[in-house]
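Here's the letter readout for the chains.
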Amino acid sequence: MRDKLTVANKKFSSRLIVGTGKYKSMTECAKAIKLSGADIVTVAVRRVNISNKNKPLLMDYIDPKKITYLPNTAGCFTSEDALRTLRLAREIGGWKLVKLEVLGDKKNLFPDMIETLKSTEVLSKEGFKVMVYCNDDPLMAKRLENVGASAIMPLAAPIGSGLGILNKINIKIIRNQTKLPLIIDAGLGQASDATIAMELGCDGVLVNTAIAKAKKPFEMAQAFKNAVIAGRQSYLSGRIDKTLMGSPSSPIKGII
Amino acid sequence: MKKLKKIKIKVNGKIKTIVDKLTLHELINDLKIAITKVAIEFNKEIIDKKRIKKIKLKNKDVIEIVHFIGGG
C-alpha cells in the first residue's frame, strides 16, 4: 500500500508497530518482527549486564539502521524516571523519536496521566518527538496535543490483557478531534482487534504480547500484519450505512 | 615496586574495586563494552561519550551503563 504512516514528519510503510519483549529468544523475536512487516519496534533501556557479556544483544539481531528503534519508558512510574530513561536513550545514538509511558498502578498498569502530561511537555521542549501512551480520555488526549505530543497512543485495554478495544466510542471521539497520529497501544489480543482499531480510523497499532505470547508467534505476526492492512483498506473504502431493514443483493426484476 | 592505590566505585549497582587514576574510557574498555551501543551516566549526569577519556574515576563514583533490550 502506498498509504504511509507519518509520525513527526517521518514516513513508515507499515502501520503495525511491534514490541520486542516477552519472546522466548532473540532469534524468535527477530523472525516474528520480520514476518510482521513492522518497520518500527519498541525497545527498553536497561543496565548492561557487566558480569555476563555473552548474553545476546538486541542490536545484533535487529539492525537499527533497517528498523526504527522506538525507545520506550516501560516500567517507569515517575516523570523523573521517564525523563532519565529517554535522555539516556537519546545518548545511545541520537534517538529523538521516543515512546513515553509513565505507569500509575502496578496491577493494572494504567498510565499516570498527570506525570505523563508533565513529562510530555518537558520532553517536547527538549526537542524529543514524543509518542505518548495514555488512557482513552479525549480531554487528556487534547491536553497532550497542546503540550506538543507527536502521537497519541491510547490503550485498548490494560497492557498484556488481550481484552481488545474496550471503549470504541472514546477512540472514535479522539480520532475526530485530532490530526495527530492516533495509535492504539496495549491490550490487543487477536488480529481482529487490530482491524477494529484501524476501522475506527486509527493510524496504527502497537502490539507485543498478543504476538510474542501466541502459541504460534510467527503465524500471529503475519495475522496482525494482514489485519492492519485489511482494517486500513476497509476504513478508507467507506463502509455502508447500518440499517435495521434487509436489502436484497439480487435484482427483484425478472424473478421467475 | 610501588603498590597501586585501589579505589571503590559502583558500576550498574555493583561495587567494583579498581586501580586509582583509571579513566572512564579505560573502565569501559576493560569491561569490553561497545561504546557505540550504550549510554553512560556518571554520578547521575549523562555523559557525552566524546568526553569519557577526560574523566578520571574517584572513590565512590557511581556509573550506570545502559543499552537497548527487548521490551514492549
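All values derive from a computational prediction rather than experimental measurement.

Further remarks concern the overall build of chain B. Of the regular secondary structure elements, chain B holds one helix and five strands. Secondary structure of chain B in N-to-C order comes out as β-β-α-β-β-β. A principal-axis box enclosing the C-alpha atoms of chain B has dimensions of 55 × 25 × 20 Å. Considering only intrachain contacts with a sequence separation of at least 6, the fraction spanning at least 24 residues in chain B is 49%. If you sum the accessible surface of chain B, you get close to 4,600 Å²; carbon and sulfur atoms cover 55% of it. With 20 positive and 8 negative side-chain charges, chain B shows a separation of 5 Å between the mean positions of the two kinds.

Interfaces are often described in size by the accessible area the parts lose on coming together. Each partner contributes residues to the interface: chain B has 26 residues there, and chain A has 30 residues. For chain B, the biggest contributors to the area lost against chain A are His67, Phe68 and Gly72 of chain B; these three give 29% of the whole. Our count for the contact surface shared by chain B and chain A stands at three salt bridges. A salt bridge links Arg47 of chain A to Glu64 of chain B, with the nearest nitrogen and oxygen atoms 2.7 Å apart. Within the residue set of the side of chain B that touches chain A, elements represented by two or more residues are β3 (39–42) and β5 (62–70) of chain B. The element best represented in the side of chain B that touches chain A is β5 of chain B, accounting for seven residues.

This paragraph deals with the packing of aromatic side chains. Under the defined criterion, the tally for this structure stands at three aromatic pairs over all chains. Taken together, a centroid distance of 6.0 Å and an interplanar angle of 35° make the contact between Tyr69 of chain A and Trp95 of chain A tilted. Of this pair, Tyr69 of chain A sits in strand β5 (residues 68–72) while Trp95 of chain A sits in the loop between α3 (79–93) and β6 (97–100), and the two are 26 residues apart along the sequence. Both residues of the pair, Tyr69 of chain A and Trp95 of chain A, count as buried. Measuring from ring centre to ring centre gives 4.9 Å for Trp95 of chain A and Phe68 of chain B, while their planes differ by 85°; the resulting arrangement is edge-to-face. Here Trp95 of chain A is found in the loop between α3 and β6, whereas its partner Phe68 of chain B is found in strand β5 on a different chain. The same class applies to Trp95 of chain A as to Phe68 of chain B, namely buried. Among the aromatic residues, those joined into a ring-pair cluster are Tyr69 and Trp95 of chain A together with Phe68 of chain B. Just above the ring of Phe77 of chain A sits the side chain of Lys106 of chain A; from NZ or CZ to the centre is 4.8 Å.

Residues and elements named next belong to chain A. The first and last C-alpha atoms of helix α4 (residues 113–125) sit 18 Å apart over 13 residues, in line with the 18 Å expected at 1.5 Å per residue. Regarding α4, the residues found buried are Met113, Glu115, Thr116, Leu117, Ser119, Thr120, Leu123 and Ser124. Those residues of α4 that are buried lie in contact with α3, β6, β7 (129–134) and α5 (138–146). Among the residues trailing α4, Gly127 stands out with phi positive, at a value near 95°.

Attention now moves to the confidence of the model for chain B. Of the residues in chain B, 97% reach a pLDDT of 70 or more, and the chain-wide mean stands at 89. Model confidence for the complex: the whole-complex pTM is 0.90, and ipTM, which rates the interface, is 0.90.

Residues Met26, Glu28, Cys29, Ala30, Ala32, Ile33 and Ser36 of chain A constitute the buried set of helix α1 (residues 26–36) of chain A. In the stretch just after α1 of chain A, Gly37 of chain A is the one whose phi turns positive, near 75°.

Relative to the helices and strands, Asn146 of chain A resides in helix α5. Separated by 120 residues in sequence, Asn146 of chain A and Met26 of chain A place their C-alpha atoms 39 Å apart.

Another aspect to go through is unusual backbone geometry. Residue and element names in this part refer to chain A. The phi dihedral of Asn9 falls on the positive side, at around 65°, and the residue is not glycine. Tracing the backbone through its elements, the reader meets Asn9 in the loop between β1 (5–7) and β2 (10–12). Among the residues examined, Asn9 registers a relative accessible area of 78% and is labelled exposed.

A few words on the pairing of β5 of chain A. Residue and element names in this part refer to chain A. For β5, the buried fraction is high: five of the five residues fall into the buried class. The sheet contact formed by strand β4 (residues 40–47) and β5 spans five bridges and is parallel. Considered in β5, the bridge of Ala44 is made with Asn72.

On to the nonpolar core. Counting residues in hydrophobic clusters, the biggest one holds 67 residues, and the most contacted among them are Ile62, Tyr69, Ile152, Leu188 and Val205 of chain A together with Phe68 of chain B. Element by element, the count of residues in this core is highest for α3 of chain A, at six residues. Setting aside residues up to four positions removed in sequence, Tyr69 of chain A forms contacts with Val41, Val43, Leu58, Met59, Ile62, Asp63, Pro64, Trp95 and Leu97 of chain A together with Phe68 of chain B. Core analysis: the second largest hydrophobic core is formed by 21 residues, Ile7, Leu22, Leu31 and Ile52 of chain B among them.

Scoring rules and cut-offs
- Residues numbered from 1 in each chain as written.
- Chains lettered and ligands numbered in written order.
- Predicted model: local features only at pLDDT ≥ 70, side-chain atom pairs only at ≥ 80, totals over all residues.
- Heavy atoms only, no water.
- Helix = DSSP H or I, 4+ residues; strand = E, 2+ residues; numbered from the N terminus.
- Contact = heavy atoms within 4.5 Å.
- Areas by Shrake-Rupley, 256 points an atom, 1.4 Å probe, with all protein chains shown as cover.
- Lys, Arg positive; Asp, Glu negative; His and termini not counted.
- Charge placed at Lys NZ, Arg CZ, Asp CG, Glu CD.
- Buried area = accessible area lost by both parts, 1.4 Å probe.
- Salt bridge = Lys/Arg side-chain N within 4 Å of Asp/Glu carboxyl O.
- Phe/Tyr/Trp six-rings, centres within 6.5 Å; stacked < 30°, edge-to-face > 60°.
- Buried < 20%, exposed > 50% of the residue type's maximum accessible area, 1.4 Å probe, protein only.
- Lys NZ or Arg CZ within 6 Å of the ring centre and 35° of its normal.
- Expected span 1.5 Å × (residues − 1).
- pLDDT = per-residue confidence, 0-100.
- Pairing = 2+ DSSP bridges.
- Core = buried A, V, L, I, M, F, W, Y, C linked by side-chain atoms within 4.5 Å.

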